[in-house]
Amino acid sequence: MKQWIAQVALVVKDYDDAIKFYTEKLDFCIIEDTPLSEEKRWVLIAPKGAGECCLLLAKAANEQQLASVGNQAGGRVGFFLFTDDCLRDYNKMLERQVKFVRPPKEEAYGMVAVFEDLYGNLWDLLQPNENNKAFNFAGL
């Protein structure tokens, strides 16, 4: 049996604003953008080269969902963007005015910087090293 996480939902205020941020600031690709109704779309995005998991941009449909926008992980880092060159991507993202809350720092598991997406969700920009269990788990 083979299983994997295929999509992770990210609640957003606006599809187009979120698409613009992720594609223009982080170089993500649009995998799919299918209208489902006048208000709802099926929008999948992923980093270039991603193989199995992507983000499903889910527009907040009520007050409870709207309250979670920007706080999906309760103020903790909730998303992890692996890279093969943390400093390169950090500098490119700075040029594109992505807000970093922590500059790159070498940790036991790799070089990591923390940034905010357009709504304030925290992300690790992580260049894993050979000690990183997720790196080894993914077979990278």
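Check the entry above for the structure.
Just so you know, these numbers come straight off a predicted model, no measurement behind them. (Residues numbered from 1 in each chain as written. Predicted model: local features only at pLDDT ≥ 70, side-chain atom pairs only at ≥ 80, totals over all residues. Heavy atoms only, no water.)

What to know about the pattern of salt bridges
- Overall, the coordinates contain 10 salt bridges when judged by the stated rule.
- The residue Arg 41 makes a salt bridge to Asp 33 at a minimum N-O spacing of 2.7 Å.
- Sharing partners across several salt bridges, the network here consists of Asp 16, Asp 33 and Arg 41. (Salt bridge = Lys/Arg side-chain N within 4 Å of Asp/Glu carboxyl O.)

Focus: the side chain of Asn 129
- Assignment of secondary structure puts Asn 129 in the loop between strand 8 (122-128) and helix 4 (133-137).
- Engagement of the side chain of Asn 129 in a polar contact is seen with the backbone oxygen of Ala 108, the distance being 3.1 Å. (Helix = DSSP H or I, 4+ residues; strand = E, 2+ residues; numbered from the N terminus. Polar contact = N/O pair within 3.5 Å; in protein donor to acceptor, adjacent residues only side chain to side chain.)

Considering the sheet that holds strand 7 (residues 110-116)
- On the basis of which strands lie adjacent, the open sheet formed by 4 strands has the order 5-8-7-6 and mixed pairing. Strands with a single pairing partner mark the edges of an open sheet, and in this sheet they are strand 5 (77-82) and strand 6 (100-107). In this sheet, adjacent strand axes meet at a mean angle of 20 degrees when their direction is disregarded.
- For strand 5 and strand 8, the ladder comprises 5 bridges, and the chain directions are parallel. (Pairing = 2+ DSSP bridges. Axes fitted to C-alpha atoms, helices over the stretch in contact; angles between N-to-C directions.)

A look at the environment of Asp 117
- Here Asp 117 is to be found in the loop between strand 7 and strand 8.
- Setting aside chain neighbours within four positions, we find Asp 117 in contact with Leu 10, Phe 21, Tyr 22 and Trp 123.
- In terms of polar contacts, Asp 117 uses its side chain to reach the backbone amide nitrogen of Gly 120, at 3.0 Å.
- Only 3.0 Å separates the side chain of Asp 117 from the backbone nitrogen of Asn 121, close enough to count as a polar contact. (Contact = heavy atoms within 4.5 Å.)

Focus on helix 3 (residues 86-95)
- Those residues of helix 3 not exposed but buried are Cys 86, Asp 89, Tyr 90 and Met 93. Each buried residue of helix 3 sits inside an arc of 105 degrees when the element is viewed along its axis, so together they form one side.
- Looking at the buried residues of helix 3, the elements they touch are helix 1 (15-25), strand 6, strand 7 and strand 8.
- The N-capping residue of helix 3, defined by a side-chain oxygen 3.3 Å from the backbone nitrogen of Leu 87, is Asp 85.
- Within two residues after helix 3, Gln 97 carries a phi angle of roughly 65 degrees, on the positive side. (Buried < 20%, exposed > 50% of the residue type's maximum accessible area, 1.4 Å probe, protein only. Arc of directions from axis to C-beta.)

Comments concerning the pairing of strand 7
- For strand 7, a buried count of 7 out of 7 residues is recorded, marking the element as mostly surrounded by other parts of the structure.
- From the end of strand 6 to the start of strand 7, which pair antiparallel, there are 2 residues.
- Here strand 7 pairs with strand 8 via 7 bridges, running antiparallel. From the neighbouring strand, Ala 113 faces strand 8, where its bridge partner is Leu 125.

Focus: the sheet that holds strand 3 (residues 41-47)
- Reading across the sheet, the 4 strands line up as 1-4-3-2 and stay open at both edges, with mixed pairing between neighbours. Each having just a single partner strand, strand 1 (7-12) and strand 2 (28-35) make up the two edges of the open sheet. Ignoring strand direction, the axes of neighbouring strands in this sheet form an average angle of 25 degrees.
- Sheet topology places strand 3 next to strand 4 (residues 54-59); 3 bridges connect them, and they run antiparallel. Note that in strand 4 the partner of Leu 44 across the bridge is Leu 56.
- Of the strands in this sheet, strand 1, strand 2, strand 3 and strand 4 touch helix 1, which is tilted by about 10 degrees from strand 3.

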